[in-house]
Structures are given as structure tokens and as C-alpha cells.
Amino acid sequence: MDLGIKGKRGLVCAASKGLGRGCAEALAEAGVDLVINSRTEADITRTAGEIAEKYGVSVTPVAADITTDEGRAKVLEAVGQADILVNNAGGPPPGNWTDWNRDDFIKAIDGNMLSAIALMQALVPGMMDRGWGRVVNITSQSVRSPIAVLGLSNTARAGLTGFVAGMSRQVAGSGVVVNNLLPGIHATDRATGLDGGAAKAAGISVEEARKRREASIPAGTYGTAEDFGATCAFLCSQQARFIIGQNILLDGGALNVTI
Ligand code: NAP
């Protein structure tokens, strides 16, 4: 399917690897010129080079912490204006609800809620002026079904979800489509790290922890960054113009609900 976005300009945050990279690759395959970001200079530069070479689009790397004002300023300077924005950042650490203090909550809310809102506030007005835009916020399955040990994530992402529910409907009439994409378990470094924690807690190997988690997914395996990126690119396509303010769950059927 031709997604109709060749020649558009996109920003993908937190994209040197994992889900962000999956989104960047799928957009590049559709012909989108990109600015991509992550903190580690060598990694983001290498990823940008690989994507540019593979898909023949322009890919500008920006090494910056997207959860800070300075980091976002650096990224926004490189982008100028964007037609497509994919918001992403690392997830907060796991823990127990009794342990988190105000600073922990502020850090999580900055990272997984306010950073995305700040980038939408910076880039969506230009999209509205030009009459076309697409925003995908990477959130989590935890928005629909809480993961207790990821309470910081549950909290911050629920806030972003509430914001998007209202804002997406305010901008839809100007041709800007804003949605959230909710990963279940996808085989990235983040998922492997969580397997490591589960293995330690249960006194089993990481392989056994993964096997147990895979058995809990009706599709029988973890998702991939490619699965995720393809859905992201579709949400950025011309064809997605009528999908407004939705929370699209990509979890292999893990969440046992009817709707
Ligand atoms: P990942 O494989 O660990 O990749 C994270 C990427 O984000 C890396 O490129 C990392 O590079 C970059 N990054 C992290 N913090 C950043 C920051 N402050 N500023 C800029 N870049 C940053 O993680 P992932 O699995 O793709 O997860 C992406 C998001 O989806 C996370 O928020 C995660 O919690 C959420 N999620 C993932 C899953 C899953 O199964 N994978 C499930 C639910 C939710 P640097 O470290 O060099 O900055």
C-alpha cells in the first residue's frame, strides 16, 4: 500500500534502537525524511547512517535527552517544522508503590508525559497552519491494564492519554491526526531487561522467564520493532485521516478484553 507520505518531514524521538527505530525505519521506507534522536551520540549517528543508506531518505541524527528542555530545544532546532512527530522516551524503572517519592514521580511525568506534550505544543501549530500533520505517541499496554511494578509508567502515561483524548479532537479539523500506540511485549532491550528482573525475582533463567511470558500471549511470541513500526507508519499515512484520538494496542492478544 502506498501510504502517500513520500517527501514528508518527520521527527522520531528515542530512535537509535527498539520501538523508536522500528518507527523510523517504517517511515523511511515510506519515503519520509527524518530527524531522529537519542542520547548516545555514536548510536544515533550509526542508526541514522544505516537508515539513510537502506531507504535513500535524509536522516539527521540529534544526540540529546528528549526529557529535558535543553534536549528538546536542540532537537527542535534541527527539525524546524515537521509533518510527522513520533513521541518516545525510555520507560521509568520498575519498583514498589511504597518506594516512589515526589522526585521519582516528577521524573516519570517529565519523561513520559510532559516531554511529549511539549513537543506537540511546539510542532502541532505548524501542522495546523499547513493543514496536515500526524502524531503518534508511544505509550504502553499499561494504560489499558496496569502493570503494578511499573506504577510510575502507569501514572505518567495515563496523564498523557488523558491529554491526547481532548487535544486530538481539537486539532482534527485542521488535518492533524493524533493517536497513541500501545506496545504489549516487543522483543527490544527494554523487554529483555524486564525479563532479567522477572528471572531474578522468580529464581529462574532469563530464557525461562521469556518462555513464561510468551506463553501468556495468545499470538505465542513477543512482537517485534518491525510490527510496531509498520503500524506507526500506517497511523502516519494519508489513509489514517479518520482515526482520531485512539489508543491502538499491539499486544498479540495478551489483554483479555472484548473491546
Ligand atoms: P529500548 O529498546 O530500550 O530503546 C530505547 C531507545 O530510547 C534507545 O534508542 C535509547 O537510546 C532512547 N532513549 C531512552 N531514553 C531517552 C531519552 N531520555 N532521550 C532520548 N532518547 C532516549 O526501549 P523500547 O523497548 O524501544 O521502549 C520504548 C518505549 O516503549 C519505552 O518508553 C518503553 O517503556 C515503552 N514500552 C516498551 C515495551 C516493550 O515491550 N518493548 C512495552 C511497553 C512499553 P539512549 O539510551 O542512547 O538515549
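How each quantity is defined
Residues numbered from 1 in each chain as written. Predicted model: local features only at pLDDT ≥ 70, side-chain atom pairs only at ≥ 80, totals over all residues. Heavy atoms only, no water. UniProt positions renumbered as here; feature names shortened; annotations may be inferred. Salt bridge = Lys/Arg side-chain N within 4 Å of Asp/Glu carboxyl O. Helix = DSSP H or I, 4+ residues; strand = E, 2+ residues; numbered from the N terminus. Buried < 20%, exposed > 50% of the residue type's maximum accessible area, 1.4 Å probe, protein only. Near = heavy atom within 4 Å. Polar contact = N/O pair within 3.5 Å; in protein donor to acceptor, adjacent residues only side chain to side chain. Areas by Shrake-Rupley, 256 points an atom, 1.4 Å probe, with all protein chains shown as cover. Axes fitted to C-alpha atoms, helices over the stretch in contact; angles between N-to-C directions. Parallel < 35°, antiparallel > 145°, perpendicular 65-115°, else oblique. Left-handed = near helix turned anticlockwise from the far one by under 90°. Contact = heavy atoms within 4.5 Å. Nonpolar A, V, L, I, M, F, W, Y, C, P; charged D, E, K, R; others polar. Expected span 1.5 Å × (residues − 1). Arc of directions from axis to C-beta.

The name given to the protein in an unreviewed UniProt entry is Short-chain dehydrogenase, and the organism recorded there is Paracoccus zhejiangensis. Its UniProt record, at the heading Sequence similarities (unreviewed entry), says of the protein: "Belongs to the short-chain dehydrogenases/reductases (SDR) family."

A. Seen up close, the pattern of salt bridges. Under the definition given, this model contains 11 salt bridges. Of the charged contacts in the structure, one is a salt bridge between Arg212 and Glu208, with a shortest N-O distance of 3.2 Å. Placement of both Arg212 and Glu208 in helix H7 (residues 206-215) is noted, with a separation of four residues, approximately one turn of the helix. Between Arg210 and Glu214 there is a salt bridge; the shortest N-O distance is 3.1 Å. Of the two residues, Arg210 and Glu214 both sit in helix H7, four residues apart, roughly one turn of that helix. Classification of Arg210 by relative accessible area gives partly exposed; the value is 32%. In this structure Glu214 comes out as buried when scored by relative accessible area, which is 18%. Among the charged side chains, a network of salt bridges with common partners joins Arg21, Glu25, Glu50 and Lys54.

B. Just the site of the ligand, in detail. Not every one of the 28 residues close to the ligand is listed here, only the nearest: Ser16, Leu19, Thr40, Ala89 and Thr188. A distance of 2.6 Å separates an oxygen atom of the ligand from a polar atom in the side chain of Ser16. Between the ligand and Gly91, the relevant distance is 3.3 Å, taken from an oxygen atom to a main-chain nitrogen or oxygen of the residue. Within the complex, the protein chains bury 91% of what would otherwise be the 880 Å² of accessible surface of the ligand. Residue assignment for the shell around the ligand shows that the elements contributing at least two residues are helix H1 (18-29), strand E2 (33-38) and helix H6 (189-202).

C. Local environment of the side chain of Ser16. Assignment of secondary structure puts Ser16 in the loop between strand E1 (9-12) and H1. Among the polar contacts made by the side chain of Ser16, one reaches the side chain of Ser38 at a distance of 3.4 Å.

D. Representation of the packing of H1 against helix H8 (residues 225-235). Running from N to C, H1 and H8 point in directions that differ by 50°, and their axes come no closer than 7 Å. The angle between H1 and H8 places the two elements in the oblique class. For the element pair H1 and H8, the recorded crossing hand is right-handed. Seen from H1, the contacting residues are Gly18, Leu19, Gly22, Cys23, Ala26 and Leu27; seen from H8, they are Ala225, Phe228, Gly229, Ala230, Cys232 and Ala233. Each residue belonging to the contact of H1 with H8 can be placed in one class, and the counts come to nine nonpolar, three polar and no charged.

E. Helix H2 (residues 41-55), seen in detail. Between its first and last C-alpha atoms H2 spans 21 Å; for 15 residues at 1.5 Å apiece the expected length is 21 Å, and the two agree. For H2, the set of buried residues is Ile44, Thr47, Ala48 and Ile51. Projection of H2 onto a plane perpendicular to its axis shows the buried side chains occupying an angular sector of 100°, all on one side. Residues of H2 that are exposed and angled more than 90 degrees away from the buried face: Glu41, Ala42 and Glu53. Check the buried side of H2 and you find it contacts H1, E2 and strand E3 (59-63). Gly56 occupies a position one or two residues after H2 and carries a positive phi of about 70°.

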